[in-house]
Amino acid sequence: MALAQSNLPELGDPSGADMSAQQERKLGESVIRQIRLSGAYLSDPEVNGYLNELGNRLVTAIPGAPFDFEFFAVADPSINAFALPGGYVGVNVGLILLTQTESELASVLAHEISHVTQHHIARSVATQKDAMLASLAALAAAVVASRSSASNSGQMAQAAIASAQGIAIQMQINFTRQNEQEADRIGFQRLDAAGFDVTAMATLMERLQRATRFVEGSAPSYLRDHPVTYERIAEAQARAQSKPFRQIKDSLDFNMVRALVRSYQGTPRDAILFFEDAIAEKKYNDAIAARYGLVASLLRAENFKRAQTELAILEKSAPAHPMIDAMAGQVLMQSGQLPAAIARYESALARYPAKMQLVYDYPEALLKNKQPDKAARFVAEQLQHYPSDGPLHLLARALVRRARQTDAPASAPGRVLRVAGQSPGGGRAVRAGREGDRRRFLPGFGRRKQAPRDARGA
């Protein structure tokens, strides 16, 4: 039964007086902009599309979220996830690979969503102000003590200064602990309301704790930001025990996204060997996803002939799926079979018109096949549906530039540019696309040929 956001317990909410919802959103947007500029944002429509589907399933499970959420992957093999003010949640690819079930990944997202819905960033600002006031009061006492004629005035001043520092540190520690407890509690409610396995939260916490128990040096980023204690694990287990047992099957999307991310790790040869071994030894959660990962790895290695062979084997056992269609289109396009690639994309788009990997890749195939006018008309239509999509705006401008460099008719590319310029937020969308995908002339070009930077690991 869905819970109303207004009925969720809160620790007192000083956020309203310190940071408005608009300010939180603006702050989150500025951080996202820096992540894009740094190259850390993983520009993969399928991975980010899946995270948004999973995340918004959790968001809508409890009505009343204060923001429209955006979930995105970070091209970093370390274990981390984080929430930003304004409804942004980032997940490192390392954490995606660490999770063994979809419910475990959902438990992380539910926790991070709760940090946002409970305005923990804004409340942190307010708490830090309180700590600052307490420190100033103690420092004032230190000044008074230093002016005292008593013989121990110096010691009194030092004690007051130490007290001020201790108060500030303790208030921040207490607030962080309260934030984590609240995010665990409300995240659990969200996980349950969305229909996931509620034991997954404690299971993942235990695995994280075991993985770092005997590790010297720095802990994973996620544990530094979200310290796992025996108390947190015990509370998560107790909550789960209060609910009836629920066995949840992982979606094919979850397993295929994990396989795609895994295909980016190491060199192309490393990735191929990983999936070959997994298939031979049957060491996988899903046979279809393992075969899909092998095809993606072969495509990275530009072994198009074998990629096509493995793709044929995959399609004999797999149900129709947009990620398989997109992979097939890439194999055909990159191997030079352009008419077949275009036909595959057109068939897939008829079934999955909102899958952005297909939307980005289809006009690239048309351009390669010297059909810029048809590509431009398609992009113009898509801009009507997605007026704020950064990659589409970049693609529109790329089409115009290419048209000017050739003898292709300029009517359709010009029409695309006019649509892009008239779209609400078009300028912002172009900047976002440029920041997130600076290395590509066109958004879909060669996405699977080379792993995104920093997603490959050591």
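If you're wondering where the values come from, they're calculated on a predicted model, not measured in any experiment.

1. A short note on the sheet that holds strand S3 (residues 88-92)
Logical step 1: One open sheet holds the three strands; their spatial order is S1-S3-S2, and the pairing between them is mixed. Bordering the open sheet on either side are strand S1 (70-74) and strand S2 (81-84), each of which pairs with just one other strand. Strand-to-strand twist in this sheet, taken as the mean axis angle between neighbours without regard to direction, amounts to 20 degrees.
Logical step 2: Two strands pair when backbone bridges link them, and S2 and S3 are joined in this way by four bridges, in the antiparallel orientation. Within S3, the residue paired with Ala-81 across the bridge is Val-91.

2. Some remarks on the pairing of S1
Logical step 1: In terms of burial, S1 is a largely internal element, four of the five residues being buried.
Logical step 2: Pairing analysis gives five bridges linking S1 to S3, with the strands arranged parallel. Bridge pairing in S3 links Phe-71 to Val-89.

3. As for the nonpolar core
Logical step 1: Val-47, Leu-51, Leu-58, Phe-71 and Tyr-292 are the most contacted members of the largest nonpolar core, which has 63 residues in total.
Logical step 2: Ranked by the residues each element gives to this core, the list is headed by helix H13 (residues 287-300), at nine residues.
Logical step 3: Once residues within four sequence positions are removed from consideration, Leu-58 is found in contact with Ala-106, Leu-109, Ala-110, Ile-113, Arg-190, Leu-191, Ala-194 and Phe-196.
Logical step 4: Counting 27 residues, the second-largest nonpolar core is a separate cluster that includes Leu-332, Tyr-345, Leu-366 and Ala-396.

4. What to know about the pattern of salt bridges
Logical step 1: Under the counting rule described, the total for this entry stands at 17 salt bridges.
Logical step 2: Where Glu-310 meets Arg-291, a salt bridge forms, and the shortest distance between an N and an O atom there is 2.6 Å. Of this pair, Glu-310 sits in helix H14 (residues 304-317) while Arg-291 sits in helix H13, placing them 19 residues apart in sequence.
Logical step 3: With a relative accessible area of 8%, Glu-310 lands in the buried category.
Logical step 4: On the accessibility criterion, Arg-291 (21% relative accessible area) is partly exposed.
Logical step 5: Look at the salt bridges and you will find they share partners, linking Glu-276, Arg-291, Arg-306 and Glu-310 into a network.

5. Focus: the packing of aromatic side chains
Logical step 1: For the structure shown, the criterion picks out five aromatic pairs.
Logical step 2: Clustering of aromatic rings is evident, with ring pairs tying together Tyr-41, Phe-72 and Phe-82.
Logical step 3: The side chain of Arg-36 reaches across the aromatic face of Tyr-41, ending 4.1 Å from its centre.
Logical step 4: Sitting over the ring of Phe-274, Arg-262 keeps its end group 3.8 Å from the ring centre.

6. A short note on H13
Logical step 1: Under the 1.5 Å per step criterion, the end-to-end length of H13 is 20 Å for 14 residues, consistent within 8% with the ideal 20 Å.
Logical step 2: Regarding H13, the residues found buried are Ile-288, Ala-289, Ala-290, Tyr-292, Gly-293, Leu-294, Val-295, Ala-296, Ser-297, Leu-298, Leu-299 and Arg-300.
Logical step 3: Where H13 is buried, its residues meet helix H3 (45-61), helix H11 (252-263), helix H12 (268-281), H14 and helix H15 (322-334).
Logical step 4: Taking the backbone nitrogen of Ile-288 as reference, a side-chain oxygen 3.0 Å away marks Asp-286 as the first, capping residue of H13.
Logical step 5: Looking one or two residues beyond H13, the residue adopting positive phi is Glu-302, at roughly 60 degrees.

7. Considering the pairing of S2
Remember that side chains alternate between the two faces of the sheet whenever the strand is regular.
Logical step 1: Side-chain alternation along S2 places Ala-81 and Ala-83 on one buried face and Phe-82 and Leu-84 on a second face that is also buried.
Logical step 2: If you look at the hairpin formed by S2 and S3, you'll find three residues sitting between the two strands, and Gly-86 has a positive phi there, around 90 degrees.

8. Overview of the environment of Leu-51
Logical step 1: Along the polypeptide, Leu-51 turns up in helix H3.
Logical step 2: On the basis of relative accessible area, Leu-51 is assigned to the buried category, the value being 1%.
Logical step 3: Apart from residues lying up to four places away in sequence, Leu-51 is in contact with Phe-71, Phe-72, Ala-73, Val-91, Ile-96, Leu-105 and Leu-109.

9. A closer look at the confidence of the model for the chain
Logical step 1: Looking at the chain, the pLDDT average stands at 79 and 68% of residues meet or exceed 70.
Logical step 2: pLDDT under 50 marks residues 1-17. Its contacts with residues more than four places away, or in other chains, come to 39 contacts.
Logical step 3: For the stretch residues 161-174, pLDDT sits under 50, and the model shows 13 contacts to residues farther than four places along the chain or on other chains.

10. What to know about the environment of Ala-83
Logical step 1: Along the chain, Ala-83 turns up in strand S2.
Logical step 2: As for Ala-83 and Leu-109, which are separated by 26 residues in sequence, their C-alpha atoms are 9.0 Å apart.

11. Some remarks on the packing of H14 against H15
Logical step 1: The geometry of H14 relative to H15 is characterised by a closest axis approach of 10 Å and an angle of 155 degrees between their N-to-C directions. Put simply, H14 runs roughly antiparallel to H15. Regarding H14 and H15, the two cross each other, and that crossing is left-handed. Residues Phe-304, Ala-307, Gln-308, Leu-311, Leu-314 and Glu-315 of H14 touch H15, and the partners they reach there are Ile-324, Ala-328, Val-331, Leu-332 and Gln-334.
Logical step 2: Class assignment for the residues of the contact of H14 with H15 results in eight nonpolar, two polar and one charged.

Here is what the cut-offs are and how they apply
Residues numbered from 1 in each chain as written. Predicted model: local features only at pLDDT ≥ 70, side-chain atom pairs only at ≥ 80, totals over all residues. Heavy atoms only, no water. Pairing = 2+ DSSP bridges. Helix = DSSP H or I, 4+ residues; strand = E, 2+ residues; numbered from the N terminus. Axes fitted to C-alpha atoms, helices over the stretch in contact; angles between N-to-C directions. Buried < 20%, exposed > 50% of the residue type's maximum accessible area, 1.4 Å probe, protein only. Core = buried A, V, L, I, M, F, W, Y, C linked by side-chain atoms within 4.5 Å. Contact = heavy atoms within 4.5 Å. Salt bridge = Lys/Arg side-chain N within 4 Å of Asp/Glu carboxyl O. Phe/Tyr/Trp six-rings, centres within 6.5 Å; stacked < 30°, edge-to-face > 60°. Lys NZ or Arg CZ within 6 Å of the ring centre and 35° of its normal. Expected span 1.5 Å × (residues − 1). Polar contact = N/O pair within 3.5 Å; in protein donor to acceptor, adjacent residues only side chain to side chain. pLDDT = per-residue confidence, 0-100. Parallel < 35°, antiparallel > 145°, perpendicular 65-115°, else oblique. Left-handed = near helix turned anticlockwise from the far one by under 90°. Nonpolar A, V, L, I, M, F, W, Y, C, P; charged D, E, K, R; others polar.

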